[in-house]
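One-letter residues, chain by chain:
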Amino acid sequence: MCQVDEEYHDQLERTDVLSASQKCVRCKEASAAVVIRAGDAYCRGCFKEYFIHKFRAMLGKNRIIFPGEKVLLAVSGGPSSCSMLSQVQEGLSQKAHKKLRFFPGIVYIDEGGAIGQSTEERQRTVSELEVVFKATGFPFHILPLEQVLDLPSSVVVMALPPLEQPPSAYKAAVDRFNQTCGSDCLTPPEKQKKSLPDVHESHTQLLQQLIGSAKTLTAREDLLNTLRQHLLVYTARTEGYSKLMLGDNCTRLAIKLLTSISLGRGAQLAQDTGFSDSRYGDIIAVRPMRDYSAKEIAHYNHMFDVPSVLIPSLETKTSEKASIRRLTESFVTKLQTDFPSTVSTIYRTSEKLQTVCRSSSTDDHSDRCLLCLCILDTAVEKASAFQATLISEQVSQTLFLGPGIPRQNSGPERPASAASAGQCRSLSGGEDCGRATSGGSCCSSAKETINLKSLLCYSCQLTIRDMSSVDHLPLYIMSEAQRRQRRSQMRDEISEFLLNDGV
Amino acid sequence: MHHLDATKPRIIYESVLFFSRGGAELLFNGVKEHHVTLPSQSEPWDMKQLLVWIQRNLLKERPELFLQGDSVRPGILVLINDADWELMGELEYQLQDRDNVVFISTLHGG
């Protein structure tokens, strides 16, 4: 029975003690070198086959990448994305069994400005990576994150998805491809070599101000991720790529899943951690490394000399409790040492997640979050969990400020610009919004503040709330926010004249 | 075989080459490769002692990011002569001359 001093050691099963003289469980001949999962020891050769096969199987099983498509590989320089790059190289090589059939390109985003690296450090990292990229022969694009400040607002608008293909289309496309050109015509279109363009000091400062305006590390990471995603999607669109490959591995996705739940991103879990992510419409993001644990990747990279570059991040050398993600990571990795099936269990759970597809039309953009482009999870009924959080927020604020001062909005709002009479200072290129003359109120008059919260999903609202000011948000975000708000106001104004479906 | 003097038992010097990778090198002043000769002692060196030795002599900062209790922090892989240390007995593995130990941090980057 349970007692204070009772020892359980004898009854607990010991994990089998493995030894170096153990033979590979697959070929039973060579001596084992790596332990995969709990207790499966593979030799070098079998491990390599297993690793390579998993990549092909992942792509083949999902049948999302069609032959001849242009696929953009997002490489951060870290082990997972570099491993992904080497797998793509392996898969495209002539002698590959069931070789891959798409046109890859590489993109690297230099985030050194956001984390405070010097120009020399950034240039050094870029040079190292250029060597790696050139060796692959694929076209590559190296961009500084500062470019995100100049993006057009179309990047946060979901584009029209490509026409829905029937399942048989994949097989037909493969057959067609094999007939027309076989294996010879997979030469890369052009070899573009775009190295890091010079970054203006002022841009770097703006970026740092933006990141710095987020008060918590969690919010800063979230913001950085959002900006990076926007820049990736923009690059894919402008350079003509229809797919984006991300290097998230199993361990990172397990951590991401738990972190997302803590951050209130439960509704977006399937898209955040699944194999394919179609939130952008025209570009589909895929995660072919999601079946590999960080350990497998590290072993493979070491054994087979896959080059990767160490790039510090916002979290480097931070303490365990510095951010929600860090805490989750430490929790999962610690649990994993004693229970080696932790990560794979979380992963299996994530595979079962699906998004509830609401029948919103794709061109009704007000249904999507402004920052993360996922469907808004905040438009729900009275008795929902979301309403409960809103009410408790209101109640706690009223108590804090004392009765009589009910404050609805705790997040920073864009300060009402003190517009002089007749002067419309709207963001869209300085032209008058026309309302003052037509009798309505001017858009930049004291009444209008951009209520960002209504345009964001729950967790993006939390991120914005952690920012001391939204003034530093890039222009493309603010102008799109303004546009959506105006449309929504206009819709309210004419709502009685609109025909509703089913009425 | 070494001839051991009965009155003064001695073990050969052990020279160990170890690498820190994947971010672990940040804790060693960015140095990735360390050629180390361990002081001789009566019993053979094992991994547990090596870790203690590393902490005392080489770890430049933030020991909690490398070690946890007796072992390495979860998330840091250890390879002994290119094989997973789980196959070699982990902390109990006894070092031999010219052994090659690699520490790879998997917590960084992706």
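Residues numbered from 1 in each chain as written. Chains lettered and ligands numbered in written order. Predicted model: local features only at pLDDT ≥ 70, side-chain atom pairs only at ≥ 80, totals over all residues. Heavy atoms only, no water.

- Naming follows an unreviewed UniProt entry, where chain B appears as Ubiquitin-related modifier 1 of Amphiprion percula.
- Check the Pathway (unreviewed entry) section of the UniProt entry for chain B; it says "tRNA modification; 5-methoxycarbonylmethyl-2-thiouridine-tRNA biosynthesis." (UniProt positions renumbered as here; feature names shortened; annotations may be inferred.)

- An unreviewed UniProt entry lists chain A under the name Cytoplasmic tRNA 2-thiolation protein 2, with Amphiprion percula given as the organism.
- Looking at chain A in UniProt, the text filed under Sequence similarities (unreviewed entry) is "Belongs to the CTU2/NCS2 family."

### Some details on helix α4 (residues 119-136) of chain A
Note that an α-helix has 3.6 residues per turn; residues three or four places apart therefore point the same way.
All names here are of chain A.
Piece 1. With 18 residues, α4 extends 26 Å from end C-alpha to end C-alpha; this agrees with the ideal 26 Å at 1.5 Å per step.
Piece 2. On the buried face of α4, the contacting elements are α2 (79-92), β4 (103-110), α3 (112-115), β5 (140-144) and α6 (201-212).
Piece 3. Two residues or fewer past α4, G137 is found with a positive phi of approximately 85 degrees. (Helix = DSSP H or I, 4+ residues; strand = E, 2+ residues; numbered from the N terminus. Expected span 1.5 Å × (residues − 1). Contact = heavy atoms within 4.5 Å.)

### Some words on the interface of chain A and chain B
Piece 1. With 35 residues of chain A at the contact, the number on the chain B side is 27 residues.
Piece 2. Surface buried jointly by chain A and chain B totals about 2400 Å² across both partners, of which 60% is contributed by carbon and sulfur atoms.
Piece 3. For the pair chain A and chain B, the number of links is two salt bridges.
Piece 4. One salt bridge in this structure joins D84 of chain B and K295 of chain A, with 2.9 Å as the shortest N-O distance.
Piece 5. Mapped onto the side of chain A that touches chain B, the elements with two or more residues apiece are β1 (34-36), α2, α10 (294-303) and α11 (324-338) of chain A.
Piece 6. Counting residues per element, the side of chain A that touches chain B draws most heavily on α10 of chain A, which supplies six residues.
Piece 7. Residue classes in the side of chain A that touches chain B are distributed as 14 nonpolar, 15 polar and six charged. (Buried area = accessible area lost by both parts, 1.4 Å probe. Salt bridge = Lys/Arg side-chain N within 4 Å of Asp/Glu carboxyl O. Nonpolar A, V, L, I, M, F, W, Y, C, P; charged D, E, K, R; others polar.)

### A short note on the nonpolar core
Most often, soluble globular proteins keep nonpolar side chains buried together rather than apart.
All names here are of chain A.
Piece 1. In this structure, F47, F133 and M245 are the most contacted members of the largest nonpolar core, which totals 55 residues.
Piece 2. Looking at which element gives the most residues to this core, the answer is helix α1 (residues 44-62), with eight residues.
Piece 3. Of all hydrophobic cores here, the second largest spans 52 residues; its members include L210, A236, L455 and A481. (Core = buried A, V, L, I, M, F, W, Y, C linked by side-chain atoms within 4.5 Å. Buried < 20%, exposed > 50% of the residue type's maximum accessible area, 1.4 Å probe, protein only.)

### A few points about helix α12 (residues 342-351) of chain A
Residue and element names in this part refer to chain A.
Piece 1. For α12, the full list of buried residues reads T342, V343, I346, Y347 and S350. All buried residues of α12 lie within an arc of 130 degrees about the axis, which places them on one face of the element.
Piece 2. Of the surrounding elements, those touching the buried residues of α12 are α1, α8 (250-262), α9 (269-273) and α11. (Arc of directions from axis to C-beta.)

### Here we look at the environment of V75 of chain A
Residues and elements named next belong to chain A.
Piece 1. Mapped onto the elements, V75 comes out in the loop between β3 (70-74) and α2.
Piece 2. Residue V75 is classed as buried on the basis of its relative accessible area, which comes to 3%.
Piece 3. With 32 residues separating them in the primary sequence, V75 and V107 have C-alpha atoms 6.1 Å apart.
Piece 4. Not counting chain neighbours up to four residues away, the residues in contact with V75 comprise S81, C82, L85, I106, V107, Y108 and F133.

### Focus on the pairing of β5 of chain A
Residue and element names in this part refer to chain A.
Piece 1. Extensive coverage of β5 is indicated by the burial of five of its five residues.
Piece 2. Sheet analysis places β4 next to β5, joined by five bridges and oriented parallel. Note that in β5 the partner of I109 across the bridge is L143. (Pairing = 2+ DSSP bridges.)

### A few points about the environment of S242 of chain A
Residues and elements named next belong to chain A.
Piece 1. Checked against the element boundaries, S242 lands in the loop between α7 (217-238) and β7 (243-245).
Piece 2. Exposure remark for S242: the relative accessible area of 25% places this residue in the partly exposed category.
Piece 3. Placed 233 residues apart in sequence, S242 and L475 show a C-alpha to C-alpha distance of 26 Å.
Piece 4. In contact with S242, other than residues within four places in its own chain, are E69, K70, D282, I283 and I284.
Piece 5. A distance of 2.5 Å separates polar atoms of two side chains, one belonging to S242 and the other to E69. (Polar contact = N/O pair within 3.5 Å; in protein donor to acceptor, adjacent residues only side chain to side chain.)

### Some thoughts on the pairing of β3 of chain A
All names here are of chain A.
Piece 1. Of all the five residues making up β3, four are buried; the element is thus mostly covered by neighbouring parts of the structure.
Piece 2. In this sheet, β4 lies alongside β3 in parallel orientation, the contact comprising five bridges. In the sheet register, A74 faces β4, and the bridge partner there is V107.
Piece 3. Inspection of the sheet shows β3 paired to β7 by three bridges, in the parallel sense. When the sheet's bridge partners are listed, L73 is paired in β7 with M245.

### Looking at unusual backbone geometry
All names here are of chain A.
Piece 1. Phi at K28 is positive, roughly 60 degrees, even though this residue is not glycine.
Piece 2. Relative to the helices and strands, K28 resides in the segment before β1.
Piece 3. A relative accessible area of 58% places K28 in the exposed class.
Piece 4. Located in the positive-phi region is L373, a residue other than glycine, with phi close to 60 degrees.
Piece 5. When you line up the elements, L373 lands in the loop between α12 and α13 (385-401).
Piece 6. When its relative accessible area of 1% is taken as the criterion, L373 is described as buried.

### Some details on the environment of L91 of chain B
Residue and element names in this part refer to chain B.
Piece 1. Here L91 lies in the loop between β6 (83-84) and β7 (100-105).
Piece 2. Placed 19 residues apart in sequence, L91 and V72 show a C-alpha to C-alpha distance of 9.5 Å.
Piece 3. With near-sequence residues (within four places) excluded, L91 lies in contact with D46, M47, K48, L51, D70, S71 and W85.

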